[in-house]
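Architecture and fold: a report
Here's the letter readout for the chains.
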Amino acid sequence: NNDYTILCFQTQITASNCKNKIEEYKRAFNFFDANNDGRITIDELEKAMQKCGQRPTKLELRLIMYHGDNDQNGVITFDEFAHLMNGTASMNQYTYDQLREQFDMFDKDKDGFIEKMEMLSIVRELSLQASFPRQVVEQLFNEADIDGDGKISFEEFVLAVN
């Protein structure tokens, strides 16, 4: 398949190693794809990562889905999974201090709340659009703004990202 050939050239491995890499990815994909429908949902992603001892935050799961789901149809196919596996990073729970630091970074006017425009402004200023695309910020606000006031308090932020 063309995607596999590209994958092999990108990682600069030999053809036989490429075949082994594809088999390894297929085994991993099947582990994540709990219902064997050829697609990984965000719930399947979370459960599989937990089986591996990882405790991904909701934000990390959304970011993995965003970066892995190339056609943005809400699921990760094998081809998308193989590309995602080529650039994996470890995911960890955040400490209170890390959460406070992240919250304070986005709380530009230091009023104890993050407004959506405030967060989007910081993302632009720090050139974080690749990590925090507008779609992920919108989803974060939809899920985190529990009281519907258009702002995220520190408590709402902690619940949303952890």
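Keep in mind it's a predicted model, so treat the numbers as computed, not measured. Residue numbers here run from 1 along each chain, matching the order of that chain's written sequence. This being a predicted model, a pLDDT of at least 70 is required before a residue's local features are given, and a value of 80 or more before pairs of side-chain atoms are given or counted; all residues contribute to the totals for chains, interfaces and linings. Note that the side-chain values use all heavy atoms of the structure and ignore hydrogens as well as water.

1. Thoughts on the side chain of serine 153
- Strands here mean DSSP runs of E at least two residues long; helices mean DSSP runs of H or I at least four residues long; both are numbered from the N terminus. By the element assignment, serine 153 lies in strand S2 (residues 151-153).
- With relative accessibility at 13%, the residue serine 153 sits in the buried group.
- Every residue in contact with serine 153, bar those within four places of it in the chain, is listed here: Phe103, Gly112 and Phe113. Think of it in three bands: residues with accessible area under 20% of the maximum for their type are buried, residues over 50% are exposed, and the middle band is partly exposed, with areas taken using a 1.4 Å probe on protein chains only. Here, two residues are considered to be in contact whenever any of their heavy atoms come within 4.5 Å of each other.

2. Considering the packing of aromatic side chains
- What counts as a ring pair is set by centres within 6.5 Å for rings of Phe, Tyr and Trp (its six-membered ring), and what kind of pair is set by the plane angle: stacked under 30 degrees, edge-to-face over 60, tilted for all other angles. Within this structure, the stated rule accounts for 8 aromatic pairs.
- When the ring of tyrosine 96 is compared with that of phenylalanine 154, the centres are 5.5 Å apart and the planes differ by 80°; the resulting orientation is edge-to-face. With tyrosine 96 in helix H6 (residues 96-106) and phenylalanine 154 in helix H9 (residues 154-161), the pair connects residues that are 58 residues apart, well separated along the chain.
- Residue class for tyrosine 96 comes out exposed when judged on its relative accessible area of 54%.
- According to the relative accessible area criterion, phenylalanine 154 is buried, its value standing at 7%.
- For the ring pair phenylalanine 106 and phenylalanine 132, a centre distance of 5.9 Å and an interplane angle of 75° mean the geometry is edge-to-face. With a gap of 26 residues between them, phenylalanine 106 in helix H6 and phenylalanine 132 in the loop between helix H7 (116-125) and helix H8 (134-144) connect regions that are remote in the sequence.
- Aromatic rings pair up to connect Phe29, Phe31, Phe32, Phe78 and Phe81 into one cluster.
- By the criterion adopted, a ring carries a charge over it if an Arg CZ or a Lys NZ lies within 6 Å of its centre and within 35 degrees of its normal. One cation-aromatic arrangement involves lysine 51 over phenylalanine 31; the distance from NZ or CZ to the ring centre is 5.5 Å.

3. Notes on unusual backbone geometry
- The backbone phi angle of glutamine 72 is positive, close to 55°, even though this residue is not glycine.
- For glutamine 72, the position within the fold is in the loop between helix H4 (58-68) and helix H5 (78-85).
- Glutamine 72 sits in the partly exposed class, given a relative accessible area of 37%.
- Phi is positive for serine 127, which is not a glycine, with a value near 55°.
- Relative to the assigned elements, serine 127 resides in the loop between H7 and H8.

4. Quick look at the UniProt feature "domain: EF-hand" (unreviewed entry) in the protein
- Mapped onto this numbering, the UniProt entry annotates "domain: EF-hand" (unreviewed entry) at residues 20-55, 56-91, 94-129 and 132-162.
- Its end C-alpha atoms 21 Å apart, residues 94-129 is made of 58% helix and 8% strand. UniProt positions are given in the numbering used here, feature names are shortened, and annotations may be inferred rather than shown by experiment.

5. Description of the pattern of salt bridges
- We define a salt bridge as a side-chain nitrogen of Lys or Arg found within 4 Å of a carboxyl oxygen belonging to Asp or Glu. One pass over the structure, following the stated rule, counts 6 salt bridges.
- Residue lysine 116 is joined to glutamate 138 by a salt bridge in which the shortest nitrogen-to-oxygen separation is 2.9 Å. Linking lysine 116 in helix H7 with glutamate 138 in helix H8, this pair joins segments that are 22 residues apart in sequence.
- Owing to a relative accessible area of 24%, lysine 116 belongs among the partly exposed residues under this scheme.
- Using a relative accessible area of 23% as the deciding quantity, one classes glutamate 138 as partly exposed.

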